[in-house]
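The primary structure of each chain is shown beneath.
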Amino acid sequence: MAKLYVIPTPVGNLEDITLRAIRLLGECDSIVAEDTRTSGNLLRHLGISKPMTSYHKFNEHGVVEQIVRRMLEGQTVALISDAGTPAISDPGYLLVNRAIEAGIAVETLPGPTAFVPALVNSGLPCDRFVFEGFLPQKKGRQSRLQQLVTEPRTMIFYESPHRVGKTLAQLVEFFGETRRGAVCREISKKFEETVRGTLAELAARYAEQEPKGEIVLVIEGARD
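Each value, and the rule that gives it
- Residues numbered from 1 in each chain as written.
- Predicted model: local features only at pLDDT ≥ 70, side-chain atom pairs only at ≥ 80, totals over all residues.
- Heavy atoms only, no water.
- Pairing = 2+ DSSP bridges.
- Helix = DSSP H or I, 4+ residues; strand = E, 2+ residues; numbered from the N terminus.
- Axes fitted to C-alpha atoms, helices over the stretch in contact; angles between N-to-C directions.
- Contact = heavy atoms within 4.5 Å.
- Expected span 1.5 Å × (residues − 1).
- Buried < 20%, exposed > 50% of the residue type's maximum accessible area, 1.4 Å probe, protein only.
- Core = buried A, V, L, I, M, F, W, Y, C linked by side-chain atoms within 4.5 Å.

(A) Seen up close, the sheet that holds strand β6 (residues 129–134). The sheet built from five strands is open, its strands ordered β6-β7-β10-β8-β9 with mixed pairing. On the outer flanks of this sheet lie β6 and β9 (193–198), each paired with one strand and no other. Put simply, the sheet's adjacent strands are angled 15 degrees from each other on average, direction ignored. Packed on one face of the sheet, helix α8 (residues 199–208) meets β8 (180–185), β9 and β10 (215–219) and runs near 125 degrees to β9.

Structure (structure tokens):
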């Protein structure tokens, strides 16, 4: 029977993919990928050749019905993103939602995502946390930060390397200099690094040094 498999892919080290993910990628009828070139490199590494459909934030509304129709005709489809778990700050929600509405079975595999190892490695409390993803770039950014000032749980943000310095300066402005944080970059890659300190220390470091690679910011929640 037709099914949509949501399959996480490595955020860095290609060895992080699970045996089950490899099996299902090899067994499915077709693969829906955020970037077919990036995913093509992974599939070649795994020795898998399957028809691929490009599915990203700029075309998802145009192709989602076509993908759902294929599954209604009996195809099994695997959804992957460039790295990590689809729908977590990546395309995927719309397709999953439409598949469920159409009565198609959806199964999501556990697997790689950048924010979990960043959270644990930060040394900050991880029994309760809130994932914020990317902050609004302009409209609503300051109001969102203001809403988070009293958030008691550890907070997790994704950020682009060229905006890290500016974002840390804003976090100092809203959360104060002594709030603790961690800047985690290149999770599971060769140059993986976690820098810990107060927000003031982190803001001073990255004001002059723009980091490279994918960035996760982990910020201490408000204290009692």
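On we go.
(B) Structural view of helix α7 (residues 164–175). With twelve residues, α7 extends 16 Å between its outermost C-alpha atoms, agreeing within 8% with the 16 Å of an ideal straight helix rising 1.5 Å per residue. Across the twelve residues of α7, nine count as buried, placing the element largely inside the fold. For α7, every residue scored as buried is listed here: V164, G165, T167, L168, Q170, L171, V172, F174 and F175.

(C) Summary view of the nonpolar core. Grouped together as the largest cluster of nonpolar side chains are 21 residues, with contacts concentrated most on L168, L171, F175, L217 and I219. The set of elements that each furnish at least two residues to this core consists of α6 (141–148), β7 (154–159), α7, α8 and β10. Look past the residues within four positions of L168 in its chain and what remains in contact with it is V183, L199, L202, A203, Y206 and L217. Core analysis: the second largest hydrophobic core is formed by 16 residues, V6, V32, V63 and L94 among them.

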